[in-house]
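Summary of the model geometry
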Amino acid sequence: MRTDLSGRTALVTGASSGFGRHFCQLLARSGAEVIAAARRTDLLDSLVADIAAEGGKAQALRLDVADESQVVEALSGLEALDIVVNNAGIAGPSRAIDCEGDEWRSIFDVNVNGAFYVSREAARIMRKAGRGGSIINIASITGLRTAHSAAAYAPSKAAVIHMTKSLAMEWARFGIRVNAIAPGYIETDLNREFLLSPAGEDMKKRIPQRRFGEIADLDGPLLLLASDASAYMTGSVLAVDGGHLASPL
Ligand code: NAD
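**Some remarks on the site of the ligand**
- The local shell around the ligand holds 27 residues, among which Phe19, Asp64, Tyr153, Ile186 and Thr188 are the closest.
- One nitrogen or oxygen atom from the side chain of Ser17 is found 2.9 Å from an oxygen atom belonging to the ligand.
- A distance of 3.2 Å is found between an oxygen atom of the ligand and a side-chain nitrogen or oxygen belonging to Arg40.
- When the free accessible area of the ligand is taken as 810 Å², the share hidden by the protein chains comes to 95%.
- Here the shell around the ligand is composed, by residue class, of 13 nonpolar, 10 polar and 4 charged.

**Describing the packing of helix H1 (residues 18–29) against helix H2 (residues 41–53)**
- Here H1 crosses H2 at 25 degrees, and the two axes come no closer than 10 Å. The orientation of H1 relative to H2 falls into the category roughly parallel. The two elements H1 and H2 meet at a crossing, and its hand is right-handed. Touching Arg21, Cys24, Gln25 and Ala28 of H1 are Leu43, Ser46, Leu47, Asp50 and Ile51, all from H2.
- Taken together, the residues of the contact of H1 with H2 break down into 5 nonpolar, 2 polar and 2 charged.

**Looking at the sheet that holds strand E2 (residues 33–38)**
- A sheet is described by the order of its strands in space; here 7 strands give the open sequence E3-E2-E1-E4-E5-E6-E7, paired in parallel fashion. In this open sheet, the two edge strands, each paired with only one partner strand, are strand E3 (57–62) and strand E7 (237–240). Ignoring which end each strand starts from, the neighbouring axes of this sheet average 20 degrees apart.
- By the bridge criterion, 4 bridges tie strand E4 (residues 83–86) to strand E5 (residues 133–138) in an arrangement that is parallel. When the sheet's bridge partners are listed, Val85 is paired in E5 with Ile136.
- Helix-sheet contacts for H2 involve E2 and E3, and the interaxial angle to E3 is about 175 degrees.
- Sheet contacts for helix H4 (residues 101–129): strand E1 (9–13), E4, E5 and strand E6 (176–183); angle to E4, the most-contacted strand, approximately 175 degrees.

**Concerning the pairing of E4**
- Because side chains alternate across E4, one face comprises the buried residues Ile83 and Val85, and the other comprises Val84 and Asn86, equally buried.
- Bridging between E1 and E4 involves 3 bridges; their strand directions are parallel. Residue Leu11 lies in a different strand from E4, and its bridge partner there is Val84.
- Remark: the E4/H4/E5 crossover connection has right-handed handedness.

**So, unusual backbone geometry**
- Positive phi values are uncommon outside glycine, yet Ser149 reaches one of about 50 degrees.
- Structurally, Ser149 can be placed in the loop between E5 and helix H5 (153–171).
- On the basis of relative accessibility, which here comes to 29%, the residue Ser149 falls in the partly exposed class.
- Phi is positive for Arg210, close to 55 degrees, though the residue is something other than glycine.
- Tracing the chain through its elements places Arg210 in the loop between helix H7 (198–205) and helix H8 (219–226).

Scoring rules and cut-offs
Starting afresh in each chain, residues are numbered from 1 along the sequence in its written order. The predicted origin of the model limits local features to residues at a pLDDT of at least 70 and limits the giving and counting of side-chain atom pairs to 80 or more, whereas totals for whole chains, interfaces and linings rest on all residues. As a convention, hydrogens and water are excluded, and side-chain values are obtained from all of the structure's heavy atoms. Residues are labelled near a given molecule or strand when at least one of their non-hydrogen atoms is within 4 Å of it. Polar contacts here mean pairs of N or O atoms no more than 3.5 Å apart (in protein, one a potential hydrogen donor and the other a potential acceptor; neighbouring residues in sequence count only if both atoms are side-chain atoms). The protein chains shown are the only cover counted for residues, whose accessible areas, like all others here, come from Shrake-Rupley with a 1.4 Å probe. Note on residue classes: Ala, Val, Leu, Ile, Met, Phe, Trp, Tyr, Cys and Pro are nonpolar, Asp, Glu, Lys and Arg are charged, and everything else, Gly too, is polar. Between the N-to-C directions of two axes lies an angle of 0 to 180 degrees, each axis being a line fitted to C-alpha atoms and, for a helix, fitted only over the stretch in contact. The numbering of helices and of strands both runs from the N terminus, where a helix is a DSSP run of H or I of at least 4 residues and a strand a run of E of at least 2. Working rule for angles: under 35 degrees goes down as roughly parallel, over 145 as roughly antiparallel, 65 to 115 as roughly perpendicular, anything else as oblique. Two helices that cross are described as forming a left-handed crossing if the nearer one is turned anticlockwise from the farther one by less than a right angle, and a right-handed crossing if clockwise. Residues count as neighbours in contact if any of their non-hydrogen atoms are within 4.5 Å of one another. Pairs of strands are assigned from DSSP output, requiring at least two bridges between the strands. Three labels apply to residues, based on accessible area from a 1.4 Å probe with only protein chains included: buried if under 20% of the type maximum, exposed if over 50%, partly exposed otherwise in between. Whether a crossover is right-handed comes down to one check: with the strands pointing away from the viewer, does the path from the first strand over the helix to the second run clockwise; if it does, it is right-handed.

In structure tokens form, the structure reads like this:
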């Protein structure tokens, strides 16, 4: 497996917690120089220090992905970029009947628009450098099936999946690969309260592997897509869900 990332620069959004923090550590351990991007810079500073203590290389970048001009400015300072993980994401609690425009817009602003702004700016850098790159969008199985109380979240992740394929088609000629990971239910700040509730316990029974995922379950798929091991993959969506998507009706 060609998963060594030495000499590569990797940008991870939403790096201050959950998957994002873990992905930064994983990519740094695999040899990449990591740019950890998020709004909460105090949390980023401790992440950068942790990576340095392990002998890795990382820097913090303050970034609100929903702010297009901030994304343009922040990425304009980067000379090289080989890997981008569009991980920043938010969820909302509403069913469609209760979902106000503010909730709908803020979820699309981060999950879809933010991933688009970052991808576009990254692709401009990658095209100029002429050595291709890998963009990985963190979608969700809710973008491929439906979910209760995910009025805006599930459609936003469906948009991320379609955007992944569209960008993959446009940028294949530049050697830029665009793929998505669609995680199932994995315990983080985003969903802990729900997963530990009685409704979460009920859901666990419907997952063929009868467990929620752990963040480390994403390590293999992330390194695969980030590295040359997936050189012939673009426009793909990898479900990492204990079989949840394939569960019987
Ligand atoms: P999390 O809440 O710990 O992480 C999300 C991160 O995104 C946070 O650090 C948050 O600060 C950041 N963020 C939010 N808005 C931002 C903005 N405007 N600019 C920059 N950063 C912003 O939750 P997580 O579970 O680690 O989620 C990471 C990604 O994985 C999300 O896209 C989420 O939708 C997706 N996902 C999670 C699960 C799961 O089960 N945990 C399943 C499927 C998909």
